[in-house]
Amino acid sequence: MALSSRNLLLALGAVVIVAAGGIYYFVNQPEASAIPASGAGAPAPLADSELMVAGPLGEKALGDPNAKVTVIEYASMTCSHCSHFHETTFTPFKEKYVDTGKVRFIFREFPFDPVATSAFMLARCAPGDAYFPMVDLLFRQQKTWAFSDRPADGLFNIVKQAGFTQESFKACLTNQSILDGVNWVKNRASEKFGVSSTPTFFINGEMQSGALTLEELDKQIEPLL
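Attention here is on the structure that accompanies the text.

Conventions used here
- Residues numbered from 1 in each chain as written.
- Predicted model: local features only at pLDDT ≥ 70, side-chain atom pairs only at ≥ 80, totals over all residues.
- Heavy atoms only, no water.
- Disulfide = S-S within 2.5 Å.
- Helix = DSSP H or I, 4+ residues; strand = E, 2+ residues; numbered from the N terminus.
- Contact = heavy atoms within 4.5 Å.
- Pairing = 2+ DSSP bridges.
- Axes fitted to C-alpha atoms, helices over the stretch in contact; angles between N-to-C directions.
- Core = buried A, V, L, I, M, F, W, Y, C linked by side-chain atoms within 4.5 Å.
- Buried < 20%, exposed > 50% of the residue type's maximum accessible area, 1.4 Å probe, protein only.

The tally for this structure, following the rule as stated, stands at 1 disulfide. Here Cys125 connects covalently by a disulfide to Cys172, the sulfurs 2.1 Å from one another. Classification of the bridge connecting Cys125 and Cys172 rests on its S-S torsion, roughly 95°, and on that basis the disulfide is right-handed. Separated by 47 residues along the polypeptide, Cys125 in helix H4 (residues 114-125) and Cys172 in helix H8 (residues 166-173) bring together distant segments of the chain.

Within the secondary structure layout, Gln161 lies in the loop between helix H7 (151-159) and H8. Along the primary structure Gln161 and Met134 are separated by 27 residues, whereas in three dimensions their C-alpha atoms are 9.6 Å apart. Sequence-distant contacts of Gln161, defined by excluding residues within four places in its chain, comprise Leu137 and Gln141.

Looking now at the sheet that holds strand S7 (residues 200-203). The pairing of strands in a sheet comes from backbone hydrogen bonds and takes either a parallel or an antiparallel form. Across the sheet, which stays open at both edges, the 5 strands sit in the order S4-S6-S5-S7-S8 with mixed pairing between neighbours. Strands at the two margins of the open sheet, each flanked by one partner only, are strand S4 (60-62) and strand S8 (206-209). The mean inter-strand angle of the sheet, taken between neighbouring strand axes irrespective of direction, is 20°. Helix H3 (residues 90-98) contacts S4, strand S5 (69-75) and strand S6 (103-109) of the sheet and is inclined by roughly 140° relative to S6. Contacting S5, S6, S7 and S8, helix H9 (residues 176-193) runs over the sheet at an angle of about 105° to S6.

Quick look at the nonpolar core now. In terms of nonpolar packing, the biggest core is built from 48 residues, with Val71, Met77, Phe93, Phe107, Trp145 and Ile221 touching the most fellow members. Per-element tally for this core: the top contributor is H4, with 7 residues. Membership of the second largest hydrophobic core comes to 11 residues, among which are Tyr74, Phe112, Val185 and Phe193.

This is the structure in structure tokens:
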């Protein structure tokens, strides 16, 4: 039986995930803010060629592809530390390094729960070049949907500002290829690169965990320029 759009997302960590042919499944996920690392100790240094492989949905990046420094952020849309970073640090970081051609910034999905997965899927479905504005809007209004008893309603109220209808909202959240693409990025980061918490940054291949301040980013980036 078909589900209403309101039931696409449920509280308590359950969400509707789609299989091919439009069959719905409920998948329970933990609410933890970190995934235990599968290996012991810190991961080995990464080859640039490994870390720079884009996922099936393509890379979401800002800045000069030929910049001396590449900063990759793995984030979860329901992560409060990620939201804090994007609200307080990302804009001055972007103005100082990305907009000036010194840094290429790559943003990658690492959802910790089904609600975060759904938010990433909707950002991927945003029209035109609206991915980053949609991510910014979702982070800034995180409290209105991520921790709500009705996350589906909260998400729809936000994305309808970008032109989503009930039909396009449901179509996006039932798109198997988008779901698979988001999960591919997350699984590869966890299994191959040792990502276990968000936000996690790779600055020219060196892992840094936590919501870095601009001053902390300065210390990592300036010696590389």
